[in-house]
2 protein chains.
Amino acid sequence: MEQLLNWEERLKNKGIRCTKQRIAILKILITSDTPISAQEIFSQLDDSNSKVRLSTVYRNLNQFVAEGIVRKLNFADQKNKFELVDDHHHHLVCLECDEVRPLECPLEQFDNQLSTKTGYKIIEHRIKFYGLCPKCQENKES
Amino acid sequence: MEQLLNWEERLKNKGIRCTKQRIAILKILITSDTPISAQEIFSQLDDSNSKVRLSTVYRNLNQFVAEGIVRKLNFADQKNKFELVDDHHHHLVCLECDEVRPLECPLEQFDNQLSTKTGYKIIEHRIKFYGLCPKCQENKES
DNA sequence: GTTACTGCAAACGGTTTGCACTGTC
DNA sequence: GACAGTGCAAACCGTTTGCAGTAAC
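Residues numbered from 1 in each chain as written. Chains lettered and ligands numbered in written order. Predicted model: local features only at pLDDT ≥ 70, side-chain atom pairs only at ≥ 80, totals over all residues. Heavy atoms only, no water.

Taking an unreviewed UniProt entry as the reference, chain A is identified by name as Fe2+/Zn2+ uptake regulation protein belonging to Halobacteroides halobius. UniProt, in the comment section headed Sequence similarities (unreviewed entry), describes chain A in these words: "Belongs to the Fur family." As its UniProt record puts it under Subcellular location (unreviewed entry), chain A is described as follows: "Cytoplasm". (UniProt positions renumbered as here; feature names shortened; annotations may be inferred.)

Next comes the structure, spelled out in structure tokens:
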């Protein structure tokens, strides 16, 4: 959990106060190895007897997104999920069990080509692969 | 609008009835050269004095998606948008004016590689590029 | 002490649903 | 004539907001 100090640092540098609630949310984001919804964060907070309102979770997540600390991802179901911004990567999602796996970027140089071709200034790209994970393939066969 | 006949055909083949409402929705989807939200379809229907309820629009869009006739796209804002499924392509979105431009796929063979590498059965992938279109870049400078 | 932040409750907006009626096949 | 599809109104659920009280700096 030494990472937490880095993130607290980042908050302070941006002039954002380090409240208990924000630290608790950051902790969960750091611990989670997959994108996580506001609701999921909320229930994990509930478990750990630190009482934080759902609206607070949303407010802070949105602020983190605005500050570029957190990325908001919209998946096929209606729920948005959030992850810490550290490296550039993409996601492979199992359509059966919703497991999300990070993937390295197969389009490293492509943005420049695209920019030349279209005249757009490319700011970011997002890729999602959808499929069936090995486990769920097995389950389907049996 | 000769395309419309093809789509009607596709509905019939799937045993879906060709109601006025469905035809009207299909027409709008065919005419639109960019993904379009349920609300937008609804207002266009309203203009053309064919009265269709918003819930009917949603019900039919969902059915079309289930039948593989229409693709549902989730963009960064909360609204989902829909487009007819005809070819495989991706989207380039302007963050200022929300213009959506189709793009050919830069990852034609990648799915196979990924499948070998991860053991996943890859069913589809979606890519979105976000940036500023030439017009909006100009506007920002001035 | 100031002012950003939180709790709380209520609103909001996109989407879905239940039910009686209607129109397609 | 049967049954899928529609209109209508109400519910649903993720998310946002207004306001008064609280805590970080």
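Structure shown, so let's carry the discussion forward.
Colleague: Just checking my understanding: could you explain the overall build of chain A for this structure?
Modeller: Helices and strands together make up the secondary structure of chain A, namely six helices and six strands. Ordered by position from the N terminus, the helices and strands of chain A form the series α-α-β-α-α-β-β-β-β-α-β-α. Considering only C-alpha atoms, chain A reaches an extent of 50 × 45 × 30 Å along its principal axes. Burial statistics for chain A: of 142 residues in total, 43% are counted as buried. Surface exposure of chain A reaches about 8,400 Å², of which carbon and sulfur atoms provide 45%. (Helix = DSSP H or I, 4+ residues; strand = E, 2+ residues; numbered from the N terminus. Buried < 20%, exposed > 50% of the residue type's maximum accessible area, 1.4 Å probe, protein only. Areas by Shrake-Rupley, 256 points an atom, 1.4 Å probe, with all protein chains shown as cover.)

Colleague: Looking at this structure, I do not really get the packing of helix α2 (residues 20–31) of chain B against helix α4 (residues 54–66) of chain B. What am I missing?
Modeller: Angle between the axes and distance between the axes are the two parameters that describe a pair of packed helices. All names here are of chain B. Taken N-terminus to C-terminus, the directions of α2 and α4 make an angle of 70°; their axes are 10 Å apart at the nearest point. Classified by the angle their axes make, α2 and α4 are roughly perpendicular. Residues Gln 21, Arg 22, Ile 25, Leu 26 and Leu 29 of α2 pack against Thr 56, Val 57, Asn 60, Leu 61, Gln 63 and Phe 64 of α4. Here the residues of the contact of α2 with α4 sort into six nonpolar, four polar and one charged. (Axes fitted to C-alpha atoms, helices over the stretch in contact; angles between N-to-C directions. Parallel < 35°, antiparallel > 145°, perpendicular 65-115°, else oblique. Contact = heavy atoms within 4.5 Å. Nonpolar A, V, L, I, M, F, W, Y, C, P; charged D, E, K, R; others polar.)

Colleague: Hey, could you run me through the protein's contact with DNA strand C in this one?
Modeller: The environment of DNA strand C is made up of 24 residues, and the closest members are Gln21(A), Arg22(A), Thr56(A), Arg17(B) and Tyr58(B). Counted by atom, the contact set of DNA strand C within 4 Å of the protein is 66% sugar and phosphate. The separation between a phosphate oxygen of DNA strand C and a polar side-chain atom of Arg22(A) is 2.4 Å. Arg17(B) has a polar side-chain atom sitting 2.7 Å from a base nitrogen of DNA strand C. (Near = heavy atom within 4 Å. Polar contact = N/O pair within 3.5 Å; in protein donor to acceptor, adjacent residues only side chain to side chain.)

Colleague: What is the right way to look at the relation of the copies chain A and chain B in this model?
Modeller: What connects the two chain copies is a rotation about an axis and a shift along it. Overlaying chain A with chain B gives an RMSD of 0.0 Å, the required rotation being 180° about an axis along which the chain moves by 0.0 Å. Classification of the inter-copy transformation places it as that of a two-fold axis. Using C-alpha coordinates, one finds that chain A approaches the rotation axis most closely at Ile127(A), a distance of 2.2 Å. An overlap of 100% is found between the interface residues of chain A and their copies at the interface of chain B, pointing to a shared contact surface. (Least-squares fit on C-alpha atoms with pLDDT ≥ 70 in both.)

Colleague: Help me understand the domain arrangement of chain A in this model?
Modeller: A common measure of how large an interface is: the accessible area buried when the components associate. All names here are of chain A. In terms of domains, chain A is made up of domain 1 (1–86) and domain 2 (89–142). Computed from C-alpha coordinates alone, the two centres of domain 1 and domain 2 are separated by 23 Å. At the junction of the two partners, domain 1 supplies nine residues and domain 2 supplies seven residues. Of the roughly 750 Å² buried between domain 1 and domain 2 on both sides combined, carbon and sulfur atoms contribute 52%. Along the contact surface separating domain 1 from domain 2 lie zero salt bridges. For the pair domain 1 and domain 2, the number of links is four residue pairs in polar contact (both at pLDDT 80 or more). Per element, the largest residue contribution to the side of domain 1 that touches domain 2 is four residues, and it comes from strand β2 (residues 70–74). (Domains from an automatic or database assignment. Buried area = accessible area lost by both parts, 1.4 Å probe. Salt bridge = Lys/Arg side-chain N within 4 Å of Asp/Glu carboxyl O.)

Colleague: Just to check I follow, could you spell out the nonpolar core for this structure?
Modeller: Across soluble globular proteins, you tend to see nonpolar side chains buried next to one another. Counting residues in hydrophobic clusters, the biggest one holds 26 residues, and the most contacted among them are Leu107(A), Phe129(A), Leu107(B) and Phe129(B). Mapped by element, the contributors of at least two residues to this core are β4 (90–94), α5 (110–118) and β6 (121–132) of chain A together with β4 (90–94), α5 (110–118) and β6 (121–132) of chain B. Phe129(A) has contacts with His91(A), Leu92(A), Val93(A), Leu103(A), Leu107(B), Phe110(B), Asp111(B), Leu114(B), Ile122(B), Glu124(B) and His125(B), leaving out every residue within four places of it along the chain. (Core = buried A, V, L, I, M, F, W, Y, C linked by side-chain atoms within 4.5 Å.)

Colleague: I tried to follow unusual backbone geometry on my own but got confused; where do I start?
Modeller: Excluding glycine, a negative phi dihedral is what most residues carry, and trans is how most peptide bonds are arranged. Positive phi, normally seen in glycine, also occurs at Asp98(A), with a value near 65°. Relative to the helices and strands, Asp98(A) resides in the loop between β4 and β5 (100–103).

Colleague: Help me understand the sheet that holds strand β3 (residues 80–84) of chain A in this model?
Modeller: Consider a sheet: its strands pair through backbone hydrogen bonds, and that pairing is either parallel or antiparallel. Residues and elements named next belong to chain A. Strand order in the open sheet made by the three strands is β1-β3-β2, with antiparallel pairing throughout. The sheet is open, and its two borders are formed by β1 (36–37) and β2, each paired with just one other strand. Where β1 meets β3, two bridges bridge the pair, whose relative direction is antiparallel. Residue pairing for β3: Ser 37 is matched across the bridge by Lys 81. Together, β1, β2 and β3 form the strand contacts of helix α2 (residues 20–31), whose direction differs from that of β3 by roughly 85°. Contacts from helix α4 (residues 54–67) reach β2 and β3 within the one sheet, and its direction differs from that of β2 by about 110°. (Pairing = 2+ DSSP bridges.)

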